[in-house]
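# Observations on the three-dimensional arrangement
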Amino acid sequence: MIGYYFGDTGFVSQNGDSVKIVVPGNTNAVITLKLMYSGSVSVKLGSCSKLILSSLCQFIDSNQNVKYDCVAGEGSVFVHTANIQNSVQSHVAINNKLSNNCNSTLNIIAAHCKNAWLDVRSELCIKTSNKLNLLVLPENGSSINANLTHAHAGFSSLSQIDCAGIVDGASCKIDSMISVKEHARDAISSFRCRLININNSNISVVPALSIHNRDSDVKHDVSVQDIKDDALSYIQSRGVPRHEAAELFKNGVVQRMINKMGDAFGY
Amino acid sequence: MLDKSVAEEISERKKEPEWMLKLRLNALRRFNEMKMPEWPVPNLAEIRFDEINYYTPQSVKSSSWEKVPEYMRAIYEKMGIPAAERELLVGGSIAQYQSESIYEKIMKDWERKGVIFMSLDRALSEHPKLVRKYFSNAVKIDDNKFSALHYAVWSGGSFLYVPKGVKVGVPMQIYFYMKSKNEGQFEHTLIIADEGSSVHYIEGCSAPLYDKSSLHSAVVEVFAHNNSHVRYTTIQNWSRNVYNMNTKRALVHDNALVEWVGASLGSKVSMLYPCSVLLGRGAKSSSFSITLAPKGTVKEGGAKMIHLASNTKSIILSKSISLEGGHSVYRGLVKIGKGATNSSCNVKCDSVLIGDDAKTDTYPYSDIQESDHVQFSHEAKTGRISEHVLSYMRSRGIRESDAITMYINGFIKPVLEQIPLEYAIELNRFIQIELEDVDNVEN
Amino acid sequence: MLKINNLNVYIGKRHLVKDASMQINSGELHVLMGKNGSGKSTFANAIMGLPGYDVKGSILLDGEDITGMGIDARARRGLFLSFQNPVEIDEIKNSLFVRQAMKACGIAQELSEFKLSFINNLAKAGLDESFYSRSVNSGFSGGEKKKNELAQMLMLNPKYAILDEIDSGLDINSVKNAASIITSQVKKGMGVLLITHNPLISEFLNPDMVHIFSNGSIAKQGGKELIALIKGEGYDL
């Protein structure tokens, strides 16, 4: 089923579907997608348009692949929240091509999934601003593999990546590459990743940078640690039993990220 | 030409035991089998292995400075070796000229305490059991293609053994000089710090400028036994046509500490990732480095910290400066294995870009497999010196070039503080000269 | 005399300062007031020669045309700017920075003499000894940064000082203190242009002239009575 969407609407995919979303220039749209099977989603935003897209990926079977190809026209605003839940062996690929003066925010939550692969690629042009907020909650032997690529190809582009997660007896691999091309001067980029490691999880984070223009301002910081004893003790000292204290702490991590994302699904 | 005969000739000339010849031939075989790595940024295909001069024996071997030929003495005078000795600033010196050492001296006091410091060639014949026990145990022959080449044609280098409980209060130093074009220098350094001992080892390198490239592929193995402390400082200032690919590894036992301090200033291409394997409980290691990438160079640097036991701690601090047309690369690996509870690793890698066409890449790998009281952090800052910072300094009357110099001095200070004062001053001067060469970056 | 003639400042196509002229003689205190966004800081930054602006018009310092000169050249000729948002420099110690700046401006001092002098001036500005060895503005509160600017001004002793919102972030006692420092420097012959959007500091000062900036141009010029007018009726004159 292929359709064009304009205005408030929702759509539920069938097997092997391709969904096409076209938002004309100078238009605002709010669209909700519920994806239960593999398929592809193509999004095209006209110049100066605005799209708030919410995707709920709740695949029924295992081994489902979804590929998003998004092209945002000049001056457009694109907010995409992708919620990946309860899936087994899922692959989600998101490809964002952002034109000049675009403002894009991509929020991704991956929870209760057994083995998820995430591939996010963003290409930024002149004065483009791109934010990526990623929350991962793999647990009990599952794994999440995220590959994040941000290429600054135009001047005065901005990318802000914020990853947080609780890895509980699971495995988490985050590979990020931020590249600033030679002609992309005045690029600003920050990458932040905070992961809590519980129950002997396996964590690998590679925040790679390739900066080929000297007028850049790039920062990154990564921290991987378990829940600190003194934080737990402090909470316990107020009467909360230890395991509840741990839950409180974990909730705090999740809540901070959800607030950042704007609570798109009331999770 | 690089074939069996080169390795055989070296072994024969040095009158080496059978096991060493076998090791060389094995290494050569592995070198020919192994593929050139594809991941490095610099173009390694430019290295012509068949054109390198692998071994240039020296007929001068002396423990008396006066007996060393004048022209050789002049080179090392410039580097300050004899002066340092005269003023008892060092515990021992070795000067290596091309493939072999031409001067070695250890101060009597330390010799009496049982410290052994001599060229590795000599140690192989005078302390064969000790050398055989440790040689190639930290860095395996086929760790990488360049270490394989090294083991096939190694010559020169030093052997340092510090007995139990001996704390050597002054540094041991070694200086390398590559004389001719197409020369290869493959020294092997073996440092053994027995239980409770401590020592500081400094190496400095230099070579004049030639057209053809030279290759420096050294291997450093440090064995830090329980409760020992080894600090290894390298000040590298090879000329702009040297390929500098070294493999340095330390095996750190219970409660021992190994510190890597490095300043990589010269060479055309450098690939240096000192590695510490924290084998024992409470083992600690740090790596502090400054990398300067002037025009036309690709300088890779970084560190590898592998935590295999509990209560281990490591720090990596890397400061790189890419000048106009230079490319610096940080490549690091932090691995915290299962069972390494209560361990921490903190990495800070900052990179500043000065001048047009300056580039920098960062590839920090981390692999954490233990959660119990493990803390890992990595932070990095990359980019030009902020416009606001420069304007602020200039608004107080400071000229732009002086402002850049002041900033760079502050930028490298945390690493510079780890380097002995005399070397730090020289280093600072050198960096200053390099910065002066940069054209005015603004207006 | 610091003479600014028909200064026009542009950022790209935006015309932020329009035909602004003023004359600050040695020993005079001028106050420049205006709404947020009226162009006051842009005016100050352009006079100092900060990058990012296209400037038309001329700036003469004691007869010399400094309009085309670099920032540091202007500073060495006796011009000082106290920034609205002083930048933090982790890498450089406050003491080293100020000593280098003084050297660049031709003021040579023995280390011991310098240390005494700087600690003394820090105290005058309201900062304790610890600020001597801290990194420049690193981790300083807004008010502490302003006090650090004042201390630097006292050390460099410029001919003309432009103080951009030196009073913001300061409590009333610190504002009084800043005002008294300014008054005493003016008496000693410094020409000062004080930029502020808060009439409070002017209570403690006796300006020779008050300029009101509005929408990039100097809308009104007069004496201290202008300040009272602003206090009463706001900036819409």
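Just so it is clear, the structure is predicted and the values come from calculations on it, not from any experiment.

About the cut-offs
- Residues numbered from 1 in each chain as written.
- Chains lettered and ligands numbered in written order.
- Predicted model: local features only at pLDDT ≥ 70, side-chain atom pairs only at ≥ 80, totals over all residues.
- Heavy atoms only, no water.
- Contact = heavy atoms within 4.5 Å.
- Buried area = accessible area lost by both parts, 1.4 Å probe.
- Salt bridge = Lys/Arg side-chain N within 4 Å of Asp/Glu carboxyl O.
- Polar contact = N/O pair within 3.5 Å; in protein donor to acceptor, adjacent residues only side chain to side chain.
- Helix = DSSP H or I, 4+ residues; strand = E, 2+ residues; numbered from the N terminus.
- Nonpolar A, V, L, I, M, F, W, Y, C, P; charged D, E, K, R; others polar.
- Pairing = 2+ DSSP bridges.
- Axes fitted to C-alpha atoms, helices over the stretch in contact; angles between N-to-C directions.
- Disulfide = S-S within 2.5 Å.
- Buried < 20%, exposed > 50% of the residue type's maximum accessible area, 1.4 Å probe, protein only.
- Patch = residues over 30% accessible without salt bridge, like charges linked within 9 Å, V, L, I, M, F, W, Y side chains within 5 Å.
- Areas by Shrake-Rupley, 256 points an atom, 1.4 Å probe, with all protein chains shown as cover.

### Thoughts on the interface of chain A and chain B
Frequently, the measure chosen for interface size is the accessible area removed from exposure when the parts meet. Each partner contributes residues to the interface: chain A has 34 residues there, and chain B has 36 residues. Buried area between chain A and chain B, summed over both chains or domains, comes out near 2700 Å², and the portion from carbon and sulfur atoms is 44%. Where chain A meets chain B, there are 3 salt bridges. Residue aspartate 356 of chain B pairs with arginine 214 of chain A through a salt bridge whose shortest N-O separation is 3.6 Å. Taken together, the links from chain A to chain B amount to 20 residue pairs in polar contact (both at pLDDT 80 or more). Secondary-structure elements contributing two or more residues to the side of chain A that touches chain B are strand S15 (187-198), strand S16 (202-211) and strand S17 (216-225) of chain A. In terms of residue class, the side of chain A that touches chain B is made up of 12 nonpolar, 13 polar and 9 charged. Sheet topology note: the S17 of chain A/strand S23 (residues 375-383) of chain B ladder contains 9 bridges and is antiparallel. Paired with glutamine 225 of chain A across the two strands is glutamine 375 of chain B, which belongs to S23 of chain B.

### Things to note about the arrangement of the chains
In this assembly 2 pairs of chains touch, with chains A and B having more contacts than any other pair. Without any contact between them, chain A and chain C keep their closest C-alpha atoms 13 Å apart.

### Structural notes on the sheet that holds strand S4 (residues 54-61) of chain C
Residue and element names in this part refer to chain C. If you trace the 4 strands from one edge of the open sheet to the other, you get S2-S1-S4-S5, paired in antiparallel fashion. A strand with exactly one partner marks an edge of an open sheet, and here the two such strands are strand S2 (14-24) and strand S5 (64-65). Note that strand S1 (residues 2-11) and S4 share 7 bridges and pair antiparallel. Bridged to lysine 3 within S4 is leucine 60.

### Quick word on the sheet that holds strand S10 (residues 191-196) of chain C
Strand pairing in a sheet relies on backbone hydrogen bonds, with the paired strands running either antiparallel or parallel. Residue and element names in this part refer to chain C. Read across the open sheet, the 6 strands follow the order S6-S9-S10-S3-S11-S12; overall the sheet is mixed. Only two strands of the sheet have a single neighbouring strand rather than two, namely strand S6 (79-82) and strand S12 (217-222). Along the sheet, successive strands turn relative to each other by an average axial angle of 20°, direction set aside. For strand S3 (residues 29-34) and strand S11 (residues 209-214), the ladder comprises 5 bridges, and the chain directions are parallel. Looking across to S11, one finds that methionine 33 is bridged to isoleucine 212. Relative to the sheet, helix H5 (residues 142-156) contacts S6 and strand S9 (160-164), its axis offset from that of S6 by approximately 170°.

### A closer look at the state of the cysteines
Residues and elements named next belong to chain A. Scanning the model with the defined rule gives 0 disulfides over all chains in all. Left unpaired, cysteine 48 is separated from the closest cysteine sulfur, that of cysteine 102, by 9.3 Å. Taking relative accessible area as the criterion, cysteine 48 reaches 46% and is therefore assigned partly exposed. Cysteine cysteine 113 is unpaired, with the sulfur of cysteine 57 as its nearest cysteine sulfur at 9.0 Å.

### Structural notes on a nonpolar patch on the surface
Nonpolar side chains collect at one region of the surface, where Ile172, Leu200 and Phe204 of chain C lie side by side and expose about 230 Å² of accessible area between them. In this structure, phenylalanine 204 of chain C sits in the loop between S10 and S11.

### Comments concerning the pairing of S1 of chain C
Strand direction decides the pairing type here: S1 of chain C and S2 of chain C, joined by 7 bridges, are antiparallel. Counted as the bridge partner of lysine 3 of chain C is glutamine 23 of chain C from S2 of chain C.

### A few points about the pattern of salt bridges
All chains considered together, the criterion is met by 40 salt bridges over all chains. For lysine 173 of chain A, the salt bridge identified is with aspartate 175 of chain A, shortest N-O distance 2.9 Å. Accessibility expressed as a relative area gives 33% for lysine 173 of chain A, which makes it partly exposed. As a salt-bridge pair, lysine 248 of chain B and glutamate 203 of chain B come within 3.8 Å of each other at their nearest N and O atoms. With lysine 248 of chain B in strand S12 (residues 242-252) and glutamate 203 of chain B in strand S8 (residues 198-206), this residue pair connects regions lying 45 residues apart in the sequence. Residue classification places lysine 248 of chain B among the buried residues on the basis of a relative accessible area of 9%.

### Digging into the pairing of strand S9 (residues 103-111) of chain A
Residues and elements named next belong to chain A. Burial analysis of S9 places 8 of its 9 residues in the buried class, which makes it a mostly covered element. Here 9 bridges tie strand S7 (residues 77-85) to S9, and the two strands are oriented parallel to one another. Bridge pairing in S9 links valine 79 to threonine 105. Where S9 meets strand S11 (residues 129-137), 9 bridges bridge the pair, whose relative direction is parallel. Each bridged residue has a counterpart across the sheet, and for alanine 110 the counterpart in S11 is valine 136.

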